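Here is what each chain is made of, one letter per residue.
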Amino acid sequence: MHPDIFNRRRRGLMQLMGDGIAIIPTNNAMHRNGDVQFRFRPDSDFYYLTQFAEPEAVAVLIPNREEGEFILFCRNRDPRREQWEGRRAGLENALELYGADQAYEIEQLETILPKLLVNQNKVYTCTGRHPDFDQQLFGWINDIKAKVRSGVHAPMEFSDLTYILHELRLFKKSEELRVMRRAARLSAAGHRRAMQVCRPQMYEYEIQAALEMTFMQGGSHYPAYPSIVAAGENACILHYTENQSLCQDGDLLLIDAGAELECYASDITRTFPINGKYSPEQRDLYELVLAAQAAAIENVRSGKAWRAYHQAAVKVLVQGMLDLGLLKGSLEELIDKEEYKRFYMHGTGHWLGMDVHDVGEYKVEDAWRVLEPGMVLTVEPGIYITPSDDVDPRWHNIGIRIEDDVVVGKDEPEILTRDIPVDPDEIEAIMADARP
Ligand code: GLY
Ligand code: MN
Ligand code: MN
């Protein structure tokens, strides 16, 4: 994305702040084992405002400050360290490439940030996300309080920056949707590859490798979340990520995986037959989940309440469970008493954006939020039947989820992820074409 976009975001946020000081640290590098670190991923709020992808950095925004409104603390250049650890932008680039008005070495944070806090009334932070940093910050504020006799005053008001910042992040602008469309297309290509390479007696991780190779070949540094590649009964574990089992002939494979591009997530689930052909029971349940998804997507419309699409999915699923003999009773009662949760125990979606479970309130003053154009969400109904469920054993160990990413439009919803089909005949055709 062009640096101007990040400048515009900072300006927008500062306008909403009015005055005061906002302090946004990025994530710390995370130790993995021995001398090894986890691959670094910047904090989404920090990156949203700065485009700066290095650890050990803090952004400070002070609207209307004469010496400059955007101050970036970061690591300075250090040729010897860079030879071991990788390149750094340094202070000069913080100004030139990242648009900071002033840049300081991160080591100077302790001396300069307290000075910036002096005589500010209001401090905006994302309290709770970086507890060590919060503690440091309150230490500096206490130090200022101890100096009141010298004529300075310490901030009086603390405000959670996330309320205004996450409201901005919830509504995706056209440049964000462009990146999300690319992430969705790339993820769909990965799922297609997985369908093409899948054969009975392969291990789940072999299919994960094909899927993630496609993501990486398309420029994704890492998946948006750990890929779920779950064969047979493993599909009934909602966040299964071991991916170590054999794919057995006759079972289904559920893959929930998405690529991340420029810190934007994609989140797709497809469930397909390992041998290329759905069994009658698998197809019955698959078509039920698909019908629930279609009913849900119909309700992803501007003006509808957030909860409406979940309710639409549940209604179709419960009616289908009744028709197939999985549940007994009346539709209304089963829904009221949530009896369906035995087979469908999660919600039908979540906001999607820089975080896979993206930021933004779901309720406003106790009422479900109303959908508006520019919001992006997932639609992911499912059905999961384990041997502990007292139903005909022919349904056992079937776990199915179908998940797509959808933009709320002015009129029709835009489904970002249909480069990989959901129709069972089309999925079988993709698999058949890949089997000479
Ligand atoms: N991949 C996590 C989710 O679907 O919510
Ligand atoms: Mn999801
Ligand atoms: Mn998912």
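This text goes with the structure placed above it.
**Re the coordination of the manganese ion (ligand 2)**
Right, on to step 1. Here the manganese ion (ligand 2) is held by Asp267 (OD), His350 (NE2), Glu380 (OE) and Glu403 (OE), and the distances to it run 2.0 to 2.2 Å.
Right, on to step 2. Metal-centred angles of 49 to 152 degrees between the 6 donor atoms at the manganese ion (ligand 2) mark the site as irregular.
Right, on to step 3. Look at where the donors of the manganese ion (ligand 2) fall in the sequence and you get D-x82-H-x29-E-x22-E.
Right, on to step 4. The distance between the manganese ion (ligand 2) and the manganese ion (ligand 3) comes to 3.3 Å, and aspartate 267 binds to both of them. Of this pair, aspartate 267 sits in the loop between strand 12 (264-265) and strand 13 (268-273) while histidine 350 sits in the loop between helix 12 (331-336) and strand 14 (363-364), and the two are 83 residues apart along the sequence.
Right, on to step 5. Note on aspartate 267: relative accessible area 3%, which makes it buried.

**Re the coordination of the manganese ion (ligand 3)**
Right, on to step 1. In the first shell of the manganese ion (ligand 3), the protein supplies Asp256 (OD), Asp256 (OD), Asp267 (OD) and Glu403 (OE), at 2.1 to 2.4 Å from the metal.
Right, on to step 2. Motif for the manganese ion (ligand 3), donor spacing along one chain: D-x10-D-x135-E.
Right, on to step 3. Here glutamate 403 falls in the buried class, since its relative accessible area comes to 0%.

**Side note on the pairing of strand 1 (residues 21-25)**
Right, on to step 1. In terms of residue burial, strand 1 counts as a mostly covered element, since 5 of its 5 residues are buried.
Right, on to step 2. The alternating pattern of strand 1 places Ile21, Ile23 and Pro25 on one face and Ala22 and Ile24 on the opposite face, and all of these are buried.
Right, on to step 3. Taken together, the 3 bridges between strand 1 and strand 7 (residues 122-125) define a ladder with parallel strand orientation. Bridge pairing in strand 7 places isoleucine 21 opposite valine 123.
Right, on to step 4. Two strands pair when backbone bridges link them, and strand 1 and strand 4 (residues 58-61) are joined in this way by 4 bridges, in the antiparallel orientation. Within strand 4, the position partnered with isoleucine 23 by the bridge is valine 60.

Definitions and limits used
- Residues numbered from 1 in each chain as written.
- Chains lettered and ligands numbered in written order.
- Predicted model: local features only at pLDDT ≥ 70, side-chain atom pairs only at ≥ 80, totals over all residues.
- Heavy atoms only, no water.
- Donors = N, O, S within 2.8 Å, 3.2 Å for Na, K, Ca; no water.
- Tetrahedral: all angles 85-135°; square planar, octahedral: opposite > 155°, others 65-115°.
- Helix = DSSP H or I, 4+ residues; strand = E, 2+ residues; numbered from the N terminus.
- Buried < 20%, exposed > 50% of the residue type's maximum accessible area, 1.4 Å probe, protein only.
- Pairing = 2+ DSSP bridges.

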